[in-house]
Amino acid sequence: MMDYSKYDVDISKLDFEMTKKLNSYLQILVERGGSDLHIKSGAVVRGRVNGVITSFTDHKITYDDGLVLAKELLRTRFQELVKEKSVDFTYKYSKDYRFRVNIFFQVDGVSAVFRTIPSSLPTFESLKLPPVLTRLCKTTRGLILVTGPTGSGKTTTLAAMINHMNKIRKQHIITIEDPVEYEYEDNNCIINQRAIGQDALNFASSLRAALREDPDIILVGEMRDLETIETALHAAETGHLVLSTLHTVDAKETINRIIGMFPGEEHNRISMSLSAVLQGIISQRLVRTIDGKRRAAVEVMVKTARIESLILEGKDNEILDAIEEGKGNVQYQSQSFDQALLELYAQRIITEDEALRNATKPSDLKLKLDNSDAEEEKKKRQESDDYQGEVEEVDLSNGADILSLKL
């Protein structure tokens, strides 16, 4: 067995000069409104601004620089990096800015990625999320999932939901995260936040423990394994509201992923359980706006009798149709990605190319975009005709007034 004690860090021998340099790079990221800072041994420092990777300096981080930075940031946890090859933690840059960090080994040495955590808690309004999420926050029991690729804003959406629940409910919320990103203050709710590695060993055991801690709402940062999914379903079945995330692209894939993680002989049982407890799936894709920023295009699947039946019967190919049918229903207000993209295009927030690039069914969406353009052109012609008619009417009335004065 390897002796990791030789990797103990003597803090007294660190001058923290690399941390000072890191802070200067983070300041650049903040000033440019970036989302991620990339530190890589053997390369220049780069950041992601409006979705694009750009260089922050011409100076390269050396192999030794990377190791020293890791020791300064991790201190007594440096052994953990050597053993596990990567470590997650939160870095507080100032009272206004914090960063979620993953530091890891790669072929050229140490690398680290710093993801910006906004200083203020997000709201549905600031994120421009669909109003139906407000109604989902009133759900008393069951399972609500937020899905999407890495960096699509899943954690931010969950934070907006917890923030909203903290205002409208009087309950006990437990969050299990890796690491803790947004920090909440008790408002109407009691909120206990647990960080994996610091306050808890793993998601599965922490979730089991949470069931004995009088929770009403449990947020699980990510359903990474079979045991966590099984426990989350059990928690939802026993009257708790469970919120979590998955790295899946849409509602259909999310349902298939959960069921598919279990052995074949368990599929019927899991389908029954999932169909009963699943209350909604919020799936996100970040799209580039016309003004160069980014905005979440959101698919929302809200539980209906038909959705429940489709999950139970394994008819996943019909789920998208069921979601789109709920768009105009005031009770459900569900929407597909393509419906969300069409709306963003109609509001001239995104371009046609961006809409089609992110579409589930590009050819079908193209027809709808063309129809939207035709309707917009028709509306403009009508407004022009109406305006011209008003002008002519005013001219005639003025002429009549002039004539009467002469008489």
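Residues numbered from 1 in each chain as written. Predicted model: local features only at pLDDT ≥ 70, side-chain atom pairs only at ≥ 80, totals over all residues. Heavy atoms only, no water.

Colleague: Where do I start with the packing of helix H10 (residues 267-277) against helix H11 (residues 305-313) in this structure?
Modeller: For the pair H10 and H11, the least separation of the axes is 8 Å and the interaxial angle reads 170 degrees. Of the possible angle classes, the one that applies to H10 and H11 is roughly antiparallel. Of the residues in H11, those touching H10 at Ser271, Met272, Leu274, Ser275 and Ala276 are Glu308, Ile311 and Leu312. A per-class count over the contact of H10 with H11 returns 5 nonpolar, 2 polar and 1 charged. (Axes fitted to C-alpha atoms, helices over the stretch in contact; angles between N-to-C directions. Helix = DSSP H or I, 4+ residues; strand = E, 2+ residues; numbered from the N terminus. Parallel < 35°, antiparallel > 145°, perpendicular 65-115°, else oblique. Contact = heavy atoms within 4.5 Å. Nonpolar A, V, L, I, M, F, W, Y, C, P; charged D, E, K, R; others polar.)

Colleague: What is the right way to look at the sheet that holds strand S8 (residues 172-177) in this model?
Modeller: Paired through their backbone hydrogen bonds, the strands of a sheet run either parallel or antiparallel. Reading across the sheet, the 7 strands line up as S9-S8-S10-S11-S7-S12-S13 and stay open at both edges, with mixed pairing between neighbours. Since the sheet does not close on itself, it has two edges, and those belong to strand S9 (190-195) and strand S13 (294-302), each with one partner. Sheet twist, expressed as the average angle between the axes of neighbouring strands with direction ignored, equals 15 degrees. In the sheet, S8 pairs with strand S10 (residues 217-220) via 4 bridges, with the strands oriented parallel. Its bridge partner lying in S10, Ile174 is registered against Ile218. Most of the contacts of helix H6 (residues 154-168) go to strand S11 (residues 241-246), to which it runs at about 165 degrees, and overall it touches strand S7 (142-147), S8, S9, S10, S11 and strand S12 (278-288). (Pairing = 2+ DSSP bridges.)

Colleague: Please explain the packing of aromatic side chains as it appears in this structure.
Modeller: Centre distance and the angle of the planes are the two values used to describe a pair of aromatic rings. Scanning the model with the defined rule gives 2 aromatic pairs in all. Taken together, a centroid distance of 6.2 Å and an interplanar angle of 80 degrees make the contact between Tyr91 and Phe114 edge-to-face. Taken together, the residues span a long stretch of sequence, with Tyr91 in strand S4 (residues 86-92) and Phe114 in strand S6 (residues 109-117) at a distance of 23 residues. Each member of the pair, Tyr91 together with Phe114, is buried. Directly above the ring of Tyr345 sits Arg348, whose terminal nitrogen or CZ lies 4.8 Å from the centroid. (Phe/Tyr/Trp six-rings, centres within 6.5 Å; stacked < 30°, edge-to-face > 60°. Buried < 20%, exposed > 50% of the residue type's maximum accessible area, 1.4 Å probe, protein only. Lys NZ or Arg CZ within 6 Å of the ring centre and 35° of its normal.)

Colleague: Any chance you could explain helix H9 (residues 251-260) here in plain terms?
Modeller: Since one α-helical turn is 3.6 residues long, residues separated by three or four positions face the same way. All of the buried residues along H9 are Ala251, Thr254, Ile255, Ile258 and Ile259. End-on view of H9: buried residues confined to an arc of 125 degrees, all on one side of the axis. (Arc of directions from axis to C-beta.)

Colleague: Just checking my understanding: could you explain the environment of Leu22 for this structure?
Modeller: Summarising the element assignment, Leu22 is placed in helix H1 (residues 17-31). Each C-alpha atom, one on Leu22 and one on Gly148, is 30 Å from the other, the two residues being 126 residues apart in sequence. When near neighbours in sequence (up to four residues on either side) are disregarded, Leu22 contacts Leu37, Ile39, Leu69, Leu73, Tyr91 and Phe114.

Colleague: In this structure, what is going on with the sheet that holds strand S5 (residues 98-106)? I would like to understand it.
Modeller: Judged by pairing direction, the sheet is antiparallel, and its 6 strands sit side by side in the order S3-S2-S1-S6-S5-S4 without closing on themselves. Each end of this open sheet is capped by a strand with a single partner; those strands are strand S3 (52-61) and S4. Pairwise comparison of adjacent strand axes, ignoring direction, gives a mean angle of 20 degrees for this sheet. Relative to S6, S5 runs antiparallel, the two being bridged by 9 bridges. Looking at S6, one finds that Phe104 is bridged to Ser111.

Colleague: In this structure, what is going on with the nonpolar core? I would like to understand it.
Modeller: Considering soluble globular proteins, one finds that nonpolar side chains tend to be buried as a cluster. Among the nonpolar cores identified, the biggest contains 36 residues, and Leu143, Ile255, Leu274, Leu278 and Met301 are the most heavily contacted of them. Here this core takes 5 residues from helix H8 (residues 226-237), the largest share from any one element. Setting aside chain neighbours within four positions, we find Leu143 in contact with Leu233, Ala236, Val242, Leu274, Val277, Leu278, Gln279 and Gly280. With 30 residues, the next largest nonpolar core counts Leu14, Tyr25, Leu37 and Leu81 among its residues. (Core = buried A, V, L, I, M, F, W, Y, C linked by side-chain atoms within 4.5 Å.)

Colleague: Even after reading the chapter, I still don't get the packing of H8 against H10, so can you show me in this structure?
Modeller: If you want to describe how two helices pack, look at the angle between their axes and the distance between the axes. Where H8 contacts H10, the two axes come as close as 10 Å, and the packing angle between them is 50 degrees. Judged by the angle between their axes, H8 and H10 are oblique. The element H8 and its partner H10 pack so that their crossing is left-handed. Together, Glu230, Leu233, Ala236 and Glu237 of H8 and Arg269, Ile270, Ser273, Leu274 and Val277 of H10 make up the contact between the two elements. Looking at the contact of H8 with H10, its residues break down into 5 nonpolar, 1 polar and 3 charged. (Left-handed = near helix turned anticlockwise from the far one by under 90°.)

Colleague: Explain the pattern of salt bridges here, please?
Modeller: Opposite charge on two side chains allows them to pair when their charged atoms are near. As enumerated under the stated definition, the model contains 21 salt bridges in all. Between Glu266 and Arg269 there is a salt bridge whose closest N-O contact spans 2.5 Å. Taking relative accessible area as the criterion, Glu266 reaches 25% and is therefore assigned partly exposed. Since its relative accessible area comes to 38%, Arg269 is described here as partly exposed. One network of salt bridges, with partners in common, ties together Asp178, Glu222 and Arg224. (Salt bridge = Lys/Arg side-chain N within 4 Å of Asp/Glu carboxyl O.)

Colleague: Please clarify how the pairing of S12 should be interpreted in this entry.
Modeller: One face of the sheet, then the other: side chains in a regular strand alternate in exactly this way. Among the 11 residues that make up S12, 8 are buried, leaving the element largely enclosed by the rest of the structure. The sheet contact formed by S7 and S12 spans 5 bridges and is parallel. Paired with Leu143 across the strands is Leu278, a residue of S12. Here S12 pairs with S13 via 9 bridges, running antiparallel. Counterpart to Arg288 in the pairing with S13 is Arg294. Hairpin geometry of S12 and S13 is characterised by an intervening segment of 5 residues between the two adjacent antiparallel strands and by a positive phi of about 90 degrees at Gly292.

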